[in-house]
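Examination of the molecular architecture
These are the residues of each chain, in order.
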Amino acid sequence: MKIAHVIPTISLLLCTVSPLTAEEQVMTAPDKTPDIAELQQAQQEYIRIRKDCLSALRRACNKETADAAAEISRRHEKQMEKLVNRLQQMDPDSISSALNNARLGRASFKKEMNRLLLSDFYGSASLSDVVMDTPIHAMPAQELPQNIRQELEKRAQEAFRFREKLGELIHGGPGFTQQTAWILTSAPDIQLMDTCSMLMGYLYPNTNMLEAAGLESSAVYHEKLFTDGKALIRFCVDIIPTGNTPAARYRFTQWFDVSAIVPYRSKSDVNQAVLSILDTIQQLAKLAEGIHDKDSADTAAEKITALRNNERPLLEGIRWLDEDEFMDLAQDNNIDVNTLITPLLKLNKANYHGSEKLRDALRLSK
């Protein structure tokens, strides 16, 4: 079956239920209409198991608790496989929505995977094997051999000199340490983690040098932190020797200083910014609820434009968060964003009541 990666290890937990191929649909097609009650029960059990596994991952803080998390995941393996097969008969979007509502979506497990990779899985080969399908990430991360590191630094500096676009975005480097971080002076209007990923592609456009040295990348992960009055992103790549039994694990790190773009210097600052944006959305929603024709739409447009302009610096800075992180912070503050934006979505459905002023005021690219 082509969902081998969805056995109840974290590889499974990182995935929502994938649609079957046409061939698999024929092989597994039920001979009768699925029992809705049974499917709902299966979904609830699936959610319960994911919650158990995620809780175990979050408790992992040393080798003992990491080994225990691996055991819990393996204990659920057979039951999870049965549930995945059963839930193939349900709409994947409905399952994904249920998981997100329970805060058990892909992002939650990705966050824990990042943390565990940064902590070398607390030395637990069992948990590394469960999460990453290999025990290698439990080995202490080493610096790359000096000759390879020097060559990477040389290539990054060459890329920096010859790519005019890079000079418009960053300076400093070579990024191997916090003290030599690449300093972002501007960025495209996308999430900052995506910007850093893009910059990595510019700085290190190919992997032929690693391949020639018998190495390959095995995992990509990151962390965002505030320290020394700066907002920093640490972008990491695990590099291991090729072959079935790699005997070493290297961590290639690039630091990015995004302080010039992110106005926050603590998690508390970020939380306050999110609350301010949510308050603005709430005000927008109240204005939207009072719109019922073109005249009221035109009148509301001016107020909406003023609200959006006041929040623009916060909206630009909030690129520090991805969508899942933003939604998590909203939930932490007991705010249901989907409910909050419903009046705004109704305006779109009503074609803004024919008001170009309102359409322009709510345009995301404004």
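About the criteria used
- Residues numbered from 1 in each chain as written.
- Predicted model: local features only at pLDDT ≥ 70, side-chain atom pairs only at ≥ 80, totals over all residues.
- Heavy atoms only, no water.
- Helix = DSSP H or I, 4+ residues; strand = E, 2+ residues; numbered from the N terminus.
- Expected span 1.5 Å × (residues − 1).
- Buried < 20%, exposed > 50% of the residue type's maximum accessible area, 1.4 Å probe, protein only.
- Arc of directions from axis to C-beta.
- Polar contact = N/O pair within 3.5 Å; in protein donor to acceptor, adjacent residues only side chain to side chain.
- Phe/Tyr/Trp six-rings, centres within 6.5 Å; stacked < 30°, edge-to-face > 60°.
- pLDDT = per-residue confidence, 0-100.
- Contact = heavy atoms within 4.5 Å.
- Core = buried A, V, L, I, M, F, W, Y, C linked by side-chain atoms within 4.5 Å.
- Salt bridge = Lys/Arg side-chain N within 4 Å of Asp/Glu carboxyl O.
- Pairing = 2+ DSSP bridges.
- Axes fitted to C-alpha atoms, helices over the stretch in contact; angles between N-to-C directions.
- Parallel < 35°, antiparallel > 145°, perpendicular 65-115°, else oblique.
- Left-handed = near helix turned anticlockwise from the far one by under 90°.
- Nonpolar A, V, L, I, M, F, W, Y, C, P; charged D, E, K, R; others polar.
- Patch = residues over 30% accessible without salt bridge, like charges linked within 9 Å, V, L, I, M, F, W, Y side chains within 5 Å.
- Areas by Shrake-Rupley, 256 points an atom, 1.4 Å probe, with all protein chains shown as cover.
- Lys, Arg positive; Asp, Glu negative; His and termini not counted.
- Charge placed at Lys NZ, Arg CZ, Asp CG, Glu CD.

Let's talk about helix α4 (residues 63-75)
Given 3.6 residues per helical turn, the α-helix brings residues three or four places apart onto the same face. For α4, built from 13 residues, the straight-helix expectation of 18 Å at 1.5 Å per residue is met to within 8% by its first-to-last C-alpha distance of 18 Å. Every buried residue of α4 is accounted for by Ala66, Ala69, Ala70, Ile72 and Ser73. The buried residues of α4 occupy an angular sector of 160 degrees when projected down its axis, which confines them to one face. Structural note: α4 exposes Glu64 and Arg75 on the side pointing more than 90 degrees away from its buried face. Between the side-chain oxygen of the N-cap and the backbone nitrogen of Glu64 there are 3.2 Å, and the N-cap of α4 in question is Asn62.

With respect to the packing of aromatic side chains
In the structure shown here, the tally under the stated rule is 3 aromatic pairs. On the numbers, 5.2 Å between centres and 90 degrees between planes, the contact of Tyr204 with Phe252 is edge-to-face. Taken as a pair, Tyr204 in the loop between α11 (192-203) and α12 (208-212) and Phe252 in strand β5 (residues 250-257) lie far apart in primary sequence, 48 residues in all. The residues Tyr204 and Phe252 share a single accessibility class, namely buried.

Concerning the confidence of the model for the chain
Averaged over every residue, the pLDDT of the chain is 84; residues scoring 70 or more account for 89%. A low-confidence stretch, residues 1-31 stays under pLDDT 50, and its non-local contacts, those more than four residues away or across chains, total 64 contacts.

Side note on the nonpolar core
Side chains of a nonpolar character, in soluble globular proteins, are inclined to be buried together. One finds Phe252, Phe256 and Leu358 to be the most contacted residues of the largest nonpolar core, which totals 62 residues. With 8 residues, the top contributor of residues to this core is helix α13 (residues 267-289). Residue contacts for Phe256: discarding those within four places in its chain leaves Ala181, Trp182, Leu184, Cys196, Leu199, Met200, Ala231, Leu232, Ile233 and Phe235.

A look at the pattern of salt bridges
Once the charged atoms of two side chains with opposite charge are near each other, the side chains can pair. As enumerated under the stated definition, the model contains 17 salt bridges in all. Arg149 serves as the salt-bridge partner of Glu143, at 2.7 Å between the closest nitrogen and oxygen. Glu143 gets classed as exposed once you look at its relative accessible area, which sits at 54%. The network of salt bridges with shared partners includes Asp120, Asp238, Arg249 and Arg251.

Focus: the sheet that holds strand β2 (residues 182-184)
Sheet strands line up and pair through hydrogen bonds in the backbone, either parallel or antiparallel. Read across the sheet, 5 strands follow the order β1-β2-β5-β4-β3 without closing on themselves; strand pairing throughout is mixed. In this open sheet, the two edge strands, each paired with only one partner strand, are β1 (170-172) and β3 (215-227). Direction aside, neighbouring strands of the sheet carry axes that sit 25 degrees apart on average. Relative to strand β4 (residues 230-241), α11 is tilted by about 50 degrees, and along the sheet it contacts β1, β2, β3, β4 and β5.

What about the packing of α13 against helix α14 (residues 294-317)?
In helix packing, the relevant descriptors are the interaxial angle and the interaxial distance, both defined with respect to the helix axes. Where α13 meets α14, the axes come as close as 10 Å, and the angle between the chain directions of the two elements is 165 degrees. Taken together, the axes of α13 and α14 lie roughly antiparallel to each other. Between α13 and α14 lies a crossing whose hand is left-handed. Together, Ala273, Ser276, Ile277, Thr280, Gln283, Leu284 and Leu287 of α13 and Lys303, Ile304, Leu307, Glu311, Leu314 and Leu315 of α14 make up the contact between the two elements. Here the contact of α13 with α14 is composed, by residue class, of 8 nonpolar, 3 polar and 2 charged.

What about unusual backbone geometry?
Of note, the amide linkage connecting Gly173 to Pro174 takes the cis form, showing an omega dihedral of 10 degrees. Looking at the secondary structure, you find Pro174 in the loop between β1 and β2. Although it is not a glycine, Tyr122 adopts a positive phi angle of roughly 55 degrees. With respect to the element layout, Tyr122 can be found in the loop between α7 (106-118) and α8 (125-132). Positive phi, normally seen in glycine, also occurs at Asn351, with a value near 55 degrees. Within the secondary structure, Asn351 sits in the loop between α17 (342-349) and α18 (356-362). Given the relative accessible area of 43%, Asn351 is considered partly exposed.

Some details on the side chain of Thr280
Among the structural elements, Thr280 can be located in helix α13. Not counting chain neighbours up to four residues away, the residues in contact with Thr280 comprise Leu307 and Glu311.

Brief notes about the environment of Ala181
For Ala181, the position within the fold is in the loop between β1 and β2. As for Ala181 and Leu232, which are separated by 51 residues in sequence, their C-alpha atoms are 8.5 Å apart. Excluding its chain neighbours within four sequence positions, the residues that come into contact with Ala181 are His171, Gly172, Gly173, Gly175, Trp255, Phe256 and Asp257.

Some remarks on a negative patch on the surface
Together, Asp194, Asp322, Glu323 and Asp324 make up a negatively charged patch on the protein surface. For Asp322, the location among the structural elements is in the loop between α14 and α15 (323-332). Residue Asp322 is classed as partly exposed on the basis of its relative accessible area of 32%.

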